[in-house]
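Here's the letter readout for the chains.
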Amino acid sequence: MSQPTIESILQEKRLFPPDSDFSQNAHIKSLADYQGLYDRAKADPQQFWAELAENELHWFQKWDTVLDWQPPFVKWFVNGKINISYNCLDRHLTTWRKNKAALIWEGEPGDSRTLTYSQLHREVCQFANVLKQLGAKKGDRIGIYMPMIPEAAIAMLACARIGAPHSVVFGGFSAEALRDRLNDAEAKIVITADGGWRKDAIVPLKEQVDKALENNAVPSITDVLVVKRTNQTIQMAAGRDHWWHDLQKGVSADCSPEPMDSEDMLFVLYTSGSTGKPKGVVHTTGGYNLYSHITTKWIFDLQDTDVYWCTADVGWITGHSYIVYGPLSNGATTVMYEGAPRASNPGCFWDVIAKYGVTIFYTAPTAIRAFIKMGEHHPKSRNLSSLRLLGTVGEPINPEAWMWYQKVIGGERCPIVDTWWQTETGGIMITPLPGAIPTKPGSATLPFPGIIADVVDLEGNTVPDNEGGYLAIRHPWPGMMRTVYGDPERFRRTYWEHIPPTDGKYTYFAGDGARKDEDGYFWVMGRVDDVLNVSGHRLGTMEVESALVSHPAVAEAAVVGKPDELKGEEVVAFVTLEGTYQASEELSKELKKHVVSEIGAIARPGEIRFTDALPKTRSGKIMRRLLRNLASGQEVSGDTSTLEDRSVLDKLREGA
Ligand code: WTA
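Values in this document were obtained by computation on a predicted structure and should not be read as measured data. (Residues numbered from 1 in each chain as written. Predicted model: local features only at pLDDT ≥ 70, side-chain atom pairs only at ≥ 80, totals over all residues. Heavy atoms only, no water.)

### What to know about the overall build of the protein
Right, on to step 1. A count of helices and strands for the protein gives 21 helices and 30 strands.
Right, on to step 2. On C-alpha atoms alone, the protein measures out to a radius of gyration of 24 Å, which is about the 26 Å that the 2.2 N^0.38 rule sets for 656 residues.
Right, on to step 3. With the C-alpha coordinates aligned to their principal axes, the bounding extent of the protein is approximately 75 × 65 × 55 Å.
Right, on to step 4. When burial is assessed residue by residue, the protein has 61% of its 656 residues classed as buried. (Helix = DSSP H or I, 4+ residues; strand = E, 2+ residues; numbered from the N terminus. Rg over C-alpha atoms; globule rule 2.2 N^0.38 Å. Buried < 20%, exposed > 50% of the residue type's maximum accessible area, 1.4 Å probe, protein only.)

### Quick look at helix α4 (residues 45-56)
Right, on to step 1. Relative to the 16 Å expected for twelve residues at 1.5 Å per residue, α4 spans 16 Å between its end C-alpha atoms, a close match to the ideal helical length.
Right, on to step 2. Restricting attention to buried positions, one finds in α4 the residues P45, F48, W49, A50, L52, A53 and E56.
Right, on to step 3. Looking at the packing, one finds that the buried side of α4 touches α3 (31-43), β1 (65-70), β2 (73-78), α5 (84-93) and α11 (285-299). (Expected span 1.5 Å × (residues − 1). Contact = heavy atoms within 4.5 Å.)

### Re the packing of aromatic side chains
Right, on to step 1. All chains considered together, the criterion is met by 40 aromatic pairs.
Right, on to step 2. Geometrically, the ring pair formed by W350 and F371 is edge-to-face, given 4.6 Å between the ring centres and 65° between the ring planes. In this pair, W350 is assigned in helix α13 (residues 348-356) and F371 in helix α14 (residues 365-374), connecting sequence segments 21 residues apart.
Right, on to step 3. According to the relative accessible area criterion, W350 is buried, its value standing at 1%.
Right, on to step 4. An angle of 10° between the planes, with centres 5.5 Å apart, marks the rings of Y495 and Y508 as stacked. Note that Y495 is positioned in helix α17 (residues 488-496) and Y508 in strand β24 (residues 508-516), a separation of 13 residues in sequence. (Phe/Tyr/Trp six-rings, centres within 6.5 Å; stacked < 30°, edge-to-face > 60°.)

### A look at the site of the ligand
Right, on to step 1. Looking at the ligand, there are 17 residues lining it, with D418, T419, T423, D512 and R538 nearest.
Right, on to step 2. Between the ligand and the protein, one listed contact pairs a nitrogen atom with a backbone N or O atom of G394 at 3.1 Å.
Right, on to step 3. Within the side chain of R538, a nitrogen or oxygen atom sits 2.8 Å from an oxygen atom of the ligand.
Right, on to step 4. Its free accessible area being 530 Å², the ligand has 96% of it covered by the protein chains.
Right, on to step 5. Taken together, the elements giving at least two residues each to the shell around the ligand come down to α12 (317-329), β20 (416-419) and β25 (522-527).
Right, on to step 6. Split by residue class, the shell around the ligand holds six nonpolar, six polar and five charged. (Near = heavy atom within 4 Å. Polar contact = N/O pair within 3.5 Å; in protein donor to acceptor, adjacent residues only side chain to side chain. Areas by Shrake-Rupley, 256 points an atom, 1.4 Å probe, with all protein chains shown as cover. Nonpolar A, V, L, I, M, F, W, Y, C, P; charged D, E, K, R; others polar.)

### Describing the sheet that holds strand β22 (residues 469-473)
Right, on to step 1. Across the sheet, which stays open at both edges, the four strands sit in the order β21-β22-β24-β25 with antiparallel pairing between neighbours. The outermost strands of the open sheet, each flanked by one partner alone, are β21 (453-456) and β25. Pairs of neighbouring strands in the sheet enclose a mean axial angle of 45°, with direction left out of account.
Right, on to step 2. Of the pairings in the sheet, the one linking β21 to β22 comprises four bridges and is antiparallel in character. Bridge assignment links V455 to a residue of β22, and that residue is L471. (Pairing = 2+ DSSP bridges. Axes fitted to C-alpha atoms, helices over the stretch in contact; angles between N-to-C directions.)

### Notes on the pairing of β24
Right, on to step 1. Extensive coverage of β24 is indicated by the burial of nine of its nine residues.
Right, on to step 2. In this sheet, β24 lies alongside β22 in antiparallel orientation, the contact comprising four bridges. Each bridged residue has a counterpart across the sheet, and for A472 the counterpart in β24 is F509.
Right, on to step 3. When β24 meets β25, the two strands line up antiparallel, connected through five bridges. From the neighbouring strand, G513 faces β25, where its bridge partner is G526.

### Focus: helix α8 (residues 175-185)
Right, on to step 1. Residues of α8 that are buried include every one of A175, A177, L178, R181, L182 and A185, and no others. An end-on view of α8 places all buried positions within 160° of arc, on one side of the element.
Right, on to step 2. Buried residues along α8 sit against β6 (142-145), β8 (189-193), α9 (205-213), β14 (265-271), α18 (541-549) and α19 (585-598).
Right, on to step 3. Following α8 by one or two positions, E186 adopts a phi angle in the positive range, close to 45°. (Arc of directions from axis to C-beta.)

### Comments concerning the environment of P438
Right, on to step 1. Tracing the backbone shows P438 in the loop between β20 and β21.
Right, on to step 2. Given a relative accessible area of 14%, P438 falls into the buried group.
Right, on to step 3. With residues near it in sequence (within four places) discarded, P438 still touches L15, F16, P17, P18, L31, T445 and Y521.

### Let's talk about the sheet that holds strand β16 (residues 307-310)
Right, on to step 1. If you trace the seven strands from one edge of the open sheet to the other, you get β5-β4-β17-β16-β18-β19-β20, paired in mixed fashion. Edge positions in the sheet fall to β5 (112-116) and β20, since each of these pairs with one other strand and no more. Averaged over all pairs of adjacent strands, the angle between strand axes in this sheet comes to 15°, irrespective of strand direction.
Right, on to step 2. Note that β16 and strand β18 (residues 360-363) share three bridges and pair parallel. Within β18, the position partnered with W309 by the bridge is F361.
Right, on to step 3. On the sheet, α13 packs against β4 (101-106), β5, β16, β17 (333-337) and β18 and is oriented at approximately 145° with respect to β4.
Right, on to step 4. Its contacts with the sheet place helix α16 (residues 399-409) against β18, β19 (389-393) and β20, and it is angled at close to 150° to β19.

### Regarding unusual backbone geometry
Right, on to step 1. P71 connects to P72 through a cis peptide bond whose omega is 0°.
Right, on to step 2. Position of P72 relative to the elements: it lies in the loop between β1 and β2.
Right, on to step 3. You will see that N79, though not glycine, has its phi angle at about 70°, which is positive.
Right, on to step 4. Among the structural elements, N79 can be located in the loop between β2 and β3 (81-82).
Right, on to step 5. On the basis of relative accessible area, N79 is assigned to the partly exposed category, the value being 35%.

### Some details on the nonpolar core
Right, on to step 1. Within the largest apolar cluster, 166 residues are counted, with the highest numbers of intra-cluster contacts made by W49, F127, L131, I191, Y325 and L548.
Right, on to step 2. When residues in this core are grouped by element, the largest group, ten residues, is from helix α7 (residues 150-162).
Right, on to step 3. Setting aside its immediate chain neighbours within four residues, L548 contacts V554, A557, V559, A573, V575, L591, V595 and I608.
Right, on to step 4. In this structure, Y356, F371, L384 and W402 belong to the second largest nonpolar core, which totals 29 residues. (Core = buried A, V, L, I, M, F, W, Y, C linked by side-chain atoms within 4.5 Å.)

### Focus on the pattern of salt bridges
Right, on to step 1. Per the stated rule, a full pass over the model turns up 43 salt bridges.
Right, on to step 2. A salt bridge links E106 to K355, with the shortest nitrogen-to-oxygen separation between them at 3.0 Å. Note that E106 is positioned in strand β4 and K355 in helix α13, a separation of 249 residues in sequence.
Right, on to step 3. Judged by its relative accessible area of 10%, E106 is buried.
Right, on to step 4. Here D246 makes a salt bridge to K249, at a shortest N to O gap of 3.7 Å.
Right, on to step 5. Connected via shared salt-bridge partners are K206, D210, R240 and D241. (Salt bridge = Lys/Arg side-chain N within 4 Å of Asp/Glu carboxyl O.)

Set out below in C-alpha cells:
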C-alpha cells in the first residue's frame with residue numbers, strides 16, 4: 001500500500017468537491033475564481049506577481065523591474081528593498097495582532113511556551129543584537145543545528161533581520177554531515193542547544209557540534225551559541241562557546257531590520273541530489289517572502305482565528321516556509337512541537353490538537369501511515385473537532401491513507417490539500433485550493449496560480465493525458481531557487497539541461513515522474529532519479545554509497561530503494577567486501593551504524609546484502625534497475641543484454 005501505481009491511479013475516480021460553507025468563507029471561493037486567477041497569472045505573470053507583492057508585503061523601497069529572466073538565472077523585484085523579519089513581525093505590531101499568539105510551542109516532556117507577536121519581536125531583536133555583538137554582518141552565513149524549540153525560529157528570524165543568511169541543518173544529521181554543510185556554506189557562527197528531546201531520549205546536539213568542529217575542521221567558525229534545553233553536562237570551549245541566555249542578558253531589544261535587496265540571499269538549505277554531495281539550495285529574500293506568504297494564505301486558507309500546525313522540522317524546507325516564514329508573514333498563530341509520536345505516547349499529536357484547538361493540520365503521508373498502524377482509538381479518544389483543514393506533503397499519498405485521514409482525522413468535514421513541491425521550489429506548486437478545487441484521493445490536483453506545470457518527455461514535449469512523463473515547470477516563479485551555493489554550473493546542469501532548452505525557452509526539471517489526467521489533475525509518481533524518499537526525507541543513493549565505502553571493509557556499494565509500507569521507501573545496500581573481510585551479521589550491523597554516524601539515522605539501511613560482485617554494464621556502470629528489482633523481490637525485468645557477466649545476476653538471485 002505504499003507508492004501509488006499507475007493502475008490504482010487510473011482507477012481512482014472518487015471526487016470530493018469543497019463544502020459550500022467552507023467555500024463561502026475561503027480566500028478563493030470557487031473553481032471559477034481559481035480559473036480566473038490562473039488565467040490572469042498565465043497571461044501576465046509579471047502583473048500578477050507585482051500586484052500581490054504590492055498588496056501583501058511591506059517594502060522599504062519598491063522594485064523597478066518585476067522579472068529579470070536570464071535563463072536559468074532569475075531575479076524578481078529587482079532593486080526592491082525588503083526584510084522578511086519585518087514582514088513576519090514588525091508590521092503586525094501596529095495592528096491588533098500585537099498581542100496575538102505568534103508561536104505556540106509544546107516541548108516533548110510536556111513543557112510549553114507561547115510567544116505573542118510583540119514578545120517574539122522582542123526576542124528576535126535581542127538575539128539579532130547578540131549576533132551583531134559577535135561580529136555577524138550582512139552576508140555572513142550562520143549555521144543552525146537545533147531541536148524544535150522557539151529559539152530555532154528566533155534564530156532564523158534574527159539572522160534574517162541582520163541579513164546574515166542561515167543554513168539550518170536538521171538535528172538528526174550526524175556530526176560528519178553537519179561538518180560538510182557548515183564547511184560548504186563557510187559558516188561563521190553555529191547556533192545549537194545542549195540537547196533536544198526526541199522519542200524520550202536526548203539528542204546530544206552540542207556534542208555533535210563539538211565533533212564536527214574537532215581539530216579546526218570547520219575553520220570559518222568563530223563562535224558557537226548554545227541554548228540550554230536539556231541540562232545535561234556539556235563541554236564549553238573557552239572563547240568559542242557561549243550560552244545563549246548569558247549573551248542575551250541585558251542586551252537591547254532595539255534592532256532595526258537591515259533593508260535587504262530582493263535578491264540578497266535569505267538562506268541556503270542543503271538537500272540531496274542524484275549525484276555528488278548534498279547541494280546548497282539558495283533562496284533569496286523578496287521572491288521567497290512573497291511566494292511563501294501567498295501560498296500559505298491561499299492553500300491553508302488562513303483566517304485570523306486559525307491555529308495552524310505543521311509537524312515538519314525546521315531543518316527541512318517545509319519548516320522554513322510553512323512553520324516559520326509563511327505563517328508569520330501572514331500574522332497567523334503557528335504551533336511548533338518538539339517531539340514525535342513514540343511508543344510511550346502514540347497519541348501525542350492528537351493531544352496537541354485538542355490542547356490548542358488546532359484548526360489546520362499539515363503532516364506527511366508516512367506519518368499518516370504510521371497513525372493507521374497505531375490504531376484509530378488514539379485519535380478517536382481525543383477531541384479533534386477544532387480541525388477544519390488537513391494537508392500532506394513530502395511524498396505521494398496512497399488513496400487508502402488519504403481516505404483514512406479524511407475520515408478518522410478530518411471527521412469527513414475537512415478538505416485535504418495534498419501539496420507537491422520541493423526544497424528547490426521554495427513553496428507549494430501543485431495543490432488544491434481548499435475552497436475551490438475538488439479533490440481526488442492521491443492527486444495533488446492543479447498548479448497554483450502563476451505556476452505553469454506540465455508533464456513532458458525528455459525533448460520537452462507535453463505527453464498525452466494519462467501517459468507517464470517528467471514533471472516540469474515552464475515559467476519562472478518568485479519562490480524558485482536561485483542557484484546551488486557556490487556552484488552555478490551544477491544548478492544549470494541539474495535542473496535545466498535534462499530537458500534541452502528550445503527556442504531560448506527553458507524548462508525546470510523537477511526529478512519526479514507524473515501524469516496528468518483528463519481533468520488536468522497531476523498525479524505525482526515519485527522520483528525518476530537516484531534520489532530516495534525515506535519517510536518523506538530526501539536521500540541520495542550516492543550519499544549512502546559514499547558513506548558505505550568510507551568503511552574499511554567495503555570495496556563497492558550500490559544503494560537502491562525498496563518499497564516499504566510505512567516509510568514509502570527503505571534503503572537497501574548491495575555491498576562487496578575488501579580482501580579478507582567476511583560477510584556476517586555483525587558486519588552488517590556495523591555498516592548500518594557506520595552509515596548512521598556518517599549521515600544520520602534517516603539513512604540507516606534497512607538491509608545490507610553482501611555479494612561477490614555487482615551487476616555492471618560492459619562500460620562499468622552499475623545496473624541499479626536490476627538491483628531495484630532484486631531488492632523488492634520482483635523478477636528482473638527489462639533488457640539485461642548489456643550486463644557484462646550474467647552469472648553475477650544469477651548469484652545475486654540465489655543469495656536472495
Ligand atoms: C516528493 C519537500 C508526491 C517529490 C517539500 C519531490 C511529493 C520531493 C509531494 C521533494 C507530494 C513532495 N506528492 N511527491 N505531495 N511532496 N514530494 O525537497 O518526490 O524534501 O521531488 O521537499 O518530495 O522533497 P523535499
